[in-house]
Amino acid sequence: MKNLLKVCVTALMLVLCSNTGASAQSGMGNSNRGTDFWFSFPVAYTSQQGGNGGIKIYVSCDTSVQCRLEIPASGKIITKNTVANGVIRFDLTPAEAQVYEKSDRPGTAKTEEETWQEGKGRGIHISAPVPITVYGLSYFVGTMDSFLALPTAALGKEYIVASYADLTSSFAQLYLPSQTVIVAAYDNTSVNFTLGGSSGTQTVGSMNRGETKTFMMNKGDVIAFANKKAKSGYADISGSKIIASRPVAVISGNQSAYVDVTTGASDYLAEMELPTNTWGTEYNVTPMYGRKNYSFIKIFAKNPNTRLYRDGSSTPFAILTTSGGNNGTGYYEGRLITDGSSPRPVTITADGPISITQFNPGALDDNYYSDPFQMLLTPVEQYQHEITFHSLEIIGEPKSDYLNLVFEANSDGTMPGDLEFGTPNNSDYTWQSIRNMFGGSGQQISGSKYFLKTIPLTGTNLFKIRSSKSIAGYVYGYCAYGGMGNPASVGLRDLTKNLDVNKPFFTYTQQCDGSIKNGKIIDWPNDPDLRSNLATINLLKGSTNYILEKEDFIPGSANAAWWKLTVENPAMEATANIYASDRAGNDTTITVSYYPPSLKTSVSLLEFGLVKTKDSKTLSFIIENTSATATQSITKIALPTTEKRFAFISLPQLPFTLAPQEKKTIQVSFTADSDGVFKSAIEVEGNNVCTKFSMGLQAHAGTPVITASDLDFGTTRPGVMVEKTISIYNYGTAELSVTGVTGPSVPEFSVQYMAPLSAVNPLVIPFEPGKNEANITIRFLPLQEGNFLGELHFQSDSRLTNIDKTSILSGRAIEPTSVDNTVEAGFTISPNPATGFATITLPAFKSQNVFLKVFDAAGNKVADFSNDLLKTELRFDTKTLPNGTYFLRFTDGERVLSRSFIVKN
C-alpha cells in the first residue's frame, strides 16, 4: 500500500511569473511574488488509493525563464524552462514533499524532536531569476487543499498558528491531528515554539499549553508540531506562537478535519501563515459560492486586549486578551454569523493588528458538494492594484472553480471602468472590462466601500485582474469529496513600519563592457526606528543577457546591500530591469542597458599610400550602425587640433543619428607638403562615452628626382650605325614617371622605344634601391665624317628645379685609312680569307655593354653576334655570304675595334 500511495499522492505547486508592467511594479517585493521560496507540505492522510494523484509541481509563467527546485537533504535538483503563458510540471514523491508520511488508520504523528532530527535539509527550495508566485496543492483521492506560498523576502520572525482541531472525539477510529510545519530560510536560526490551543491539547512530544521549546535550525531544515491524540475534547494547536531569531516559513493545517468538528465529511487543510508584521486591522470576509451557511473563522491578535468589531458596529463582539495562546482568550473561533441568514460578505475590524483564517464547512453542513478547506484572508491594508492567478488542476476530476473578487467601488457604488480581466494572448494579455464580461456591479460589503463579485473560472490558464483602485481575490474550487482555497495574491508590507515612506535608492557605475561592479541599494532614513530596511532586489521581466548577483541579506535586517551586473554575451544587447523594495512597501525600479559596440568603420586604417609632395589625395570610409534595433547618435568625428595634412571634406553636421544598420560615408583628404611618412587618427564617439573608438590614417609623401647619364659613342665610320643605352635614375623618395623625351637636336642620334611616352603611357621608375634605374637605347648613325653633339631632354613629374634632366650625346665619324687601323692584338678572324667558316677571337671585355656585328662593303649589317657573346671565341659560318670584303665591328662601350676579312667560298 505504501508504494502505491507514493504514486497516488499529490503535492502540487503552481509557480507563476509576475507581471512586470508599470502598473504591477508597486509592491513587487512586498507580495507573494518573489525569486526565492522555502516551504514544506504539512502531512496529509492518504486514506484511499487510486485516481490521478501524485506529487506534481505546476509552473506557469508569462515569459520563458528557468525555475529550479531543490531538496538539499536528498540532493534532488530539477530545472525546467517555463513556456510563456503556459504551464510545465515538476514531479515529486510524498516522501520528498513532506517531513514524514501518514497512511495508516487510525495512525500516528511524529514528535517534534523526531521531525527536527529527520527534517534536516528536507525543505523545498524554489528559485527563479525573475519574480514568481507559488501555489501549493496537496491532493489525494477524496482529500485536498491548497496554499499560497510566501517568498523568502516576505518571511517573518513571529507567527501565530491557525490550524483546526483533531476530530478524534467525533470519529474515534481516526487520529488526524492539528499541525504546523516550520522551515528555516537561514542558517543559525533559533526557533521558539510556545503551545497554545484548546483545553487538554498536548504536542506529540508531550508539550503542554503555555510551554516553550527551542530548536536550532539551519537553512532548509524542517520541524513539525502536531497534537497528541486527546483522551477527550478536540485537541487543537491553533494559537501557538512561533518566535524565531531569523525569518522562517510556517505552514499550518490538519491531516484531515471536520469543519466544524462534528460535521462530516473531512478534508485535508493547509495554508501558509502570514507573519504578524503584515497583519492589518480591517478584513472583508466573503461567502463561498453555493454554500447555504456562513463559514467558520478564527481570529488572532498581535497585541493583548484587542477588540473585534463586525460591520462597523461600535460594540465589540469579542475581546482577545492575549496575543495567541488559549482558545477564547488568545483567539476567537466560531461561525462568522449565526442568525440563520443567508451568507453575505462581512467586514471585521479591530483596534489592533489581527489575522483571520476562514474555514469552509464540510458537505454535510448544507448538503452541498464541497468538503472543508482552510483559507487565509488578506487585510485591506495589503490590497493590491493587480493580481495574477489561475485555478488549480485536478487531473481527471471535474471541478468547479471560482474567484471571489473584492474591489473598491466608485463613490457612487458602481464598478470602476478600469477594473479589467486579463486573459493570455500569446506573450501578452487581452484586457476586458469585468462589468462587460461578467455583468453587474457586485454585492456591497456591509460597513465598507468594498464590493464582492464572484466570477466563475474556466480552464487553467493564467489570469490577471487590474484596477486603479485596490483589489483582493480568493481562488477556490469544489469537486466530489474535495475542496481547496487560497488567496489569489496578497500584499506583504511590514505594517509596523508605516512611518517609512522613503524609497530605496540605487548607486552604481556602469563600465564600458556593460557590467556594474560596485552597485549598492540603500534604504533610508537613517533612523533605524523609522526605517523598514530592504526586502528584495530582483530582476524583472524584460531583462535579457544580464546576470544579477546580489548580497545575501536577511530581509528587514539590512539597510544596504551590494549588487553586480555582468553581461552574459558581450556581442548582444542587454537590459536589466532591477527592482528593489523595503519592507514598508516603498520600491524603486531602474533599467540598465548595454549596447555592444555597434558603430564600426569599413576599415581600421585608412591607407593613402604614396602621395607625391605637393599633391593631394582623397579617400572615403564608412561608419555603420551594426545594431538591428538601436539607433546610434554620432556626437564626434574629429582629427587632432594640430593636424594640417589630413582634413575632412563635407563632414556631416554633428551630432547626427544612424538608424539600425544605416551607413554614412565620410571623405578625408591628405595634402603632401613635405617628404615623409605621416600618421594620424580620427576619433569617433557615439551617444555615450563607451561608444568611442579611433580609426588610423597613414600616408607616405615623397618627391621623385630624375638624373640622366651622358653618352659618348666614340669613333665610327660614316654610314656605320652604333647603338648604346643611356641610364635614367630616380634618386628621389617617390616613383618617377617619365612622360616624354625632347630631342636629340641632331639627326645622327635617335631614341629607340616601342611607343611614344605620354602622361597615360609613362616610363615608371621606382625609388627603391636596386630598382631605380631604367635604360633607353640610343642609335648613332653618322652619314659623313665629323664630330656630333646632341641633347635629350626628359619630361617627368620630378618637381626639383636644380637637377639634371638632360643627357649629352656625343660621337665621331671618320673614314679609316686602313681597315686595320683599329685592330687590336687579340681581335682576329681566321682563316682569312674564310672558306665556309671562320673563328673570331675577341679581346677581353672592358664593360657589359658589348656589341659584335658584321657589315658588308656598303655598310649593311649582315650578322649580329651581340647576344651570343658569352666567351671570347666563337665560330662564324660564312657559307651563306656572297664572296667579297666584309668588316667586323666590336665595341664594349669604351672602344670601337674594326677588322676586315674576305669570304671566298
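Please refer to the structure higher up on the page.
Residues numbered from 1 in each chain as written. Predicted model: local features only at pLDDT ≥ 70, side-chain atom pairs only at ≥ 80, totals over all residues. Heavy atoms only, no water.

Caption draft 1: Layout of the nonpolar core. Grouped together as the largest cluster of nonpolar side chains are 134 residues, with contacts concentrated most on Phe 39, Phe 389 and Ile 465. It is strand E7 (residues 124–140) that provides the largest number of residues to this core, a total of 10 residues. Beyond its immediate sequence surroundings of up to four residues, Ile 465 is in contact with His 385, Glu 386, Ile 387, Phe 389, Leu 403, Leu 405, Leu 419, Glu 420, Phe 421, Trp 431, Ile 434 and Ile 471. One finds Leu 639, Phe 670, Ala 672 and Phe 678 within the second-largest nonpolar core, a separate group that totals 23 residues. (Core = buried A, V, L, I, M, F, W, Y, C linked by side-chain atoms within 4.5 Å. Buried < 20%, exposed > 50% of the residue type's maximum accessible area, 1.4 Å probe, protein only. Helix = DSSP H or I, 4+ residues; strand = E, 2+ residues; numbered from the N terminus. Contact = heavy atoms within 4.5 Å.)

Caption draft 2: Representation of unusual backbone geometry in the model. Of the consecutive residues Trp 524 and Pro 525, the connecting peptide bond is found in the cis state with omega at 20°. With respect to the helices and strands, Pro 525 occurs in the loop between strand E32 (516–522) and strand E33 (534–539). Put simply, Leu 654 and Pro 655 share a cis peptide bond, and its omega is -10°. Structurally, Pro 655 is set in the loop between strand E43 (646–649) and strand E44 (656–658). The phi angle at Asn 533 is positive, at roughly 75°, despite the residue not being glycine. Inspection of the secondary structure assignment puts Asn 533 in the loop between E32 and E33. Given the relative accessible area of 10%, Asn 533 is considered buried. One non-glycine residue with positive phi stands out, namely Gln 661, at about 65°. Checked against the element boundaries, Gln 661 lands in the loop between E44 and strand E45 (663–671).

Caption draft 3: Representation of the pairing of strand E24 (residues 400–408) within the structure. With eight of its nine residues buried, E24 lies for the most part within the structure. The sheet contact formed by E24 and strand E29 (residues 463–479) spans eight bridges and is antiparallel. When the bridges of E29 are listed, Tyr 402 appears paired with Tyr 476. (Pairing = 2+ DSSP bridges.)

Caption draft 4: Representation of the sheet that holds strand E49 (residues 711–716) in the model. If you walk across this open sheet you meet the five strands as E49-E56-E55-E51-E53, and the pairing is mixed. Looking at the sheet topology across the chains shown, the edges are occupied by E49 and strand E53 (763–765). Between one strand and the next, the sheet's axes are offset by a mean angle of 25°, whatever the strand orientation. Pairing of E49 with strand E56 (residues 806–813) involves four bridges; the strand directions are parallel. For Thr 716, the partnering residue across the bridge sits in E56 and is Ala 813. (Axes fitted to C-alpha atoms, helices over the stretch in contact; angles between N-to-C directions.)

Caption draft 5: A look at the packing of aromatic side chains. Within the structure shown, the criterion is met by 38 aromatic pairs. Centre to centre, the rings of Tyr 164 and Phe 359 are 4.8 Å apart; their planes meet at 50°, and the pair counts as tilted. With Tyr 164 in the loop between strand E9 (156–160) and strand E10 (178–184) and Phe 359 in strand E21 (residues 346–360), this residue pair connects regions lying 195 residues apart in the sequence. Assigned by exposure class, Tyr 164 and Phe 359 land together as buried. Judged by centre distance (5.2 Å) and plane angle (35°), the rings of Phe 300 and Tyr 331 are tilted. Of this pair, Phe 300 sits in strand E17 (residues 296–301) while Tyr 331 sits in strand E20 (residues 331–335), and the two are 31 residues apart along the sequence. Accessibility expressed as a relative area gives 0% for Tyr 331, which makes it buried. Feature note: the residues Tyr 289, Tyr 368, Tyr 369, Phe 373, Tyr 402, Tyr 476 and Tyr 478 constitute an aromatic cluster, connected by ring pairs. (Phe/Tyr/Trp six-rings, centres within 6.5 Å; stacked < 30°, edge-to-face > 60°.)

Caption draft 6: Quick look at the sheet that holds strand E58 (residues 837–841). With antiparallel pairing, the three strands of this open sheet are ordered in space as E57-E58-E61. The open sheet has two free edges, formed respectively by strand E57 (828–830) and strand E61 (873–877), since each of these has just one partner strand. On average, adjacent strands in this sheet sit at an angle of 25° to one another, irrespective of strand direction.

Caption draft 7: Just empty space enclosed by the protein, in detail. One pass over the full model with this rule turns up six cavities of 30 Å³ or more. By volume, the largest cavity is sized at about 70 Å³. Every residue along the wall of the largest cavity is listed here: Met 721, Val 722, Glu 723, Phe 851, Lys 853, Phe 855, Arg 889 and Thr 891. Of all the elements in the fold, those that place two or more residues in the lining of the largest cavity are strand E50 (722–730), strand E59 (851–856) and strand E62 (884–891). (1 Å grid on protein atoms, 1.4 Å probe; cavity = no way out; pocket = protein on both sides within 12 Å on 5 of 7 lines; lining within 4 Å. Points joined across faces, edges and corners; volume = space filled by probe spheres on them.)

Caption draft 8: A look at the pattern of salt bridges. Overall, the coordinates contain 22 salt bridges when judged by the stated rule. Of the charged contacts, one joins Arg 466 and Glu 420 as a salt bridge, the two residues approaching to 2.8 Å between their closest N and O atoms. Here Glu 420 lies in strand E25 (residues 420–425) and Arg 466 lies in strand E29, a separation of 46 residues in the sequence. Asp 797 is the partner of Lys 612 in a salt bridge, and the nearest nitrogen-oxygen pair spans 2.0 Å. Placement of Lys 612 in strand E39 (residues 605–612) and of Asp 797 in the loop between strand E55 (786–796) and E56 is noted, with a sequence separation of 185 residues between them. Owing to a relative accessible area of 15%, Lys 612 belongs among the buried residues under this scheme. (Salt bridge = Lys/Arg side-chain N within 4 Å of Asp/Glu carboxyl O.)

Caption draft 9: Molecular detail of the environment of Leu 888. Summarising the element assignment, Leu 888 is placed in strand E62. Overall, Leu 888 belongs to the buried group, its relative accessible area being 0%. Not counting residues within four places of it along the chain, the set of residues in contact with Leu 888 comprises Phe 827, Ile 829, Ile 840, Leu 852, Lys 853, Val 854, Leu 897, Ser 898, Arg 899 and Phe 901.

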